[in-house]
Amino acid sequence: MRSTRYTKEFKEMVIEEIKQGADVAQVARKHEISPKTVYNWLNRAKHKDWENTDPSAKKTSSYVPTPQEFRQLETENERLKRILGDKDLEIAILRDLLKKTTYGYRTK
């Protein structure tokens, strides 16, 4: 099968037709191109839109806690770990008690 190279202007024209609301299959048929080729052009065009976007619009800010907030978060984390450990211990004790009192749960 022979591959055809299309000009940048032609690709942009086809993509613009689709962006204006035309169906990809119809545009591909009209220009005698494979719909898969048109979809590939569309995907590449989306990535180029990202490259052309202003860098200030792409920046994301991250939250950095102050030392005091960090200490508070560590304290809360330790407290929650203790609570979770207590709950795990309580569950283990109740399971052991259940095994001793209920015949169906006993293991040999």
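Preceding this paragraph is the structure being described.
Residues numbered from 1 in each chain as written. Predicted model: local features only at pLDDT ≥ 70, side-chain atom pairs only at ≥ 80, totals over all residues. Heavy atoms only, no water.

Draft legend 1. Structural view of the environment of K19. Checked against the element boundaries, K19 lands in helix α1 (residues 8–19). Residue classification places K19 among the exposed positions, given a relative accessible area of 52%. Taking C-alpha positions, K19 is 9.3 Å from L42, a pair spaced 23 residues apart along the chain. (Helix = DSSP H or I, 4+ residues; strand = E, 2+ residues; numbered from the N terminus. Buried < 20%, exposed > 50% of the residue type's maximum accessible area, 1.4 Å probe, protein only.)

Draft legend 2. Spatial organisation of the packing of aromatic side chains. In the structure shown here, the tally under the stated rule is 3 aromatic pairs. With centroids separated by 5.3 Å and ring planes inclined at 75°, the aromatic side chains of Y6 and W41 adopt a geometry described as edge-to-face. Here W41 lies in helix α3 (residues 35–52) and Y6 lies in the segment before α1, a separation of 35 residues in the sequence. Relative to W41, the ring of F10 lies with its centre 6.2 Å away and its plane at 85°, an arrangement referred to as edge-to-face. You can see F10 sitting in helix α1 and its partner W41 sitting in helix α3, a full 31 residues away along the chain. Overall, the relative accessible area of 5% leaves W41 in the buried class. (Phe/Tyr/Trp six-rings, centres within 6.5 Å; stacked < 30°, edge-to-face > 60°.)

Draft legend 3. Quick look at the nonpolar core. Counting residues in each nonpolar core, the largest one holds 12 residues, listed as F10, V14, I15, I18, V24, V27, A28, I33, V38, W41, L42 and A45. Sorting the residues of this core by element identifies α1, α2 (24–30) and α3 as the ones contributing at least two each. In this structure F10 touches H31, I33 and W41, once residues within four positions along its chain are discounted. (Core = buried A, V, L, I, M, F, W, Y, C linked by side-chain atoms within 4.5 Å. Contact = heavy atoms within 4.5 Å.)

Draft legend 4. View of the side chain of H31. Residue placement: H31 occurs in the loop between α2 and α3. Within polar-contact distance, the side chain of H31 engages the side chain of E17 at 2.9 Å. (Polar contact = N/O pair within 3.5 Å; in protein donor to acceptor, adjacent residues only side chain to side chain.)

Draft legend 5. Spotlight on α1. For α1, with 12 residues, the first-to-last C-alpha span of 16 Å sits near the 16 Å given by 1.5 Å per residue. Listing the buried residues of α1 in full gives F10, V14, I15, E17 and I18. For α1, the angular spread of buried residues about the axis comes to 155°, placing them on one side. Pointing more than 90 degrees away from the buried face of α1 are the exposed residues K8, E9 and K19. G21 lies just past α1 and shows a positive phi near 115°. (Expected span 1.5 Å × (residues − 1). Arc of directions from axis to C-beta.)

Draft legend 6. Representation of unusual backbone geometry within the structure. Residue E32 is not a glycine yet carries a positive backbone phi of 55°. Relative to the assigned elements, E32 resides in the loop between α2 and α3. Judged by relative accessible area, E32 falls into the exposed class, the value being 71%.

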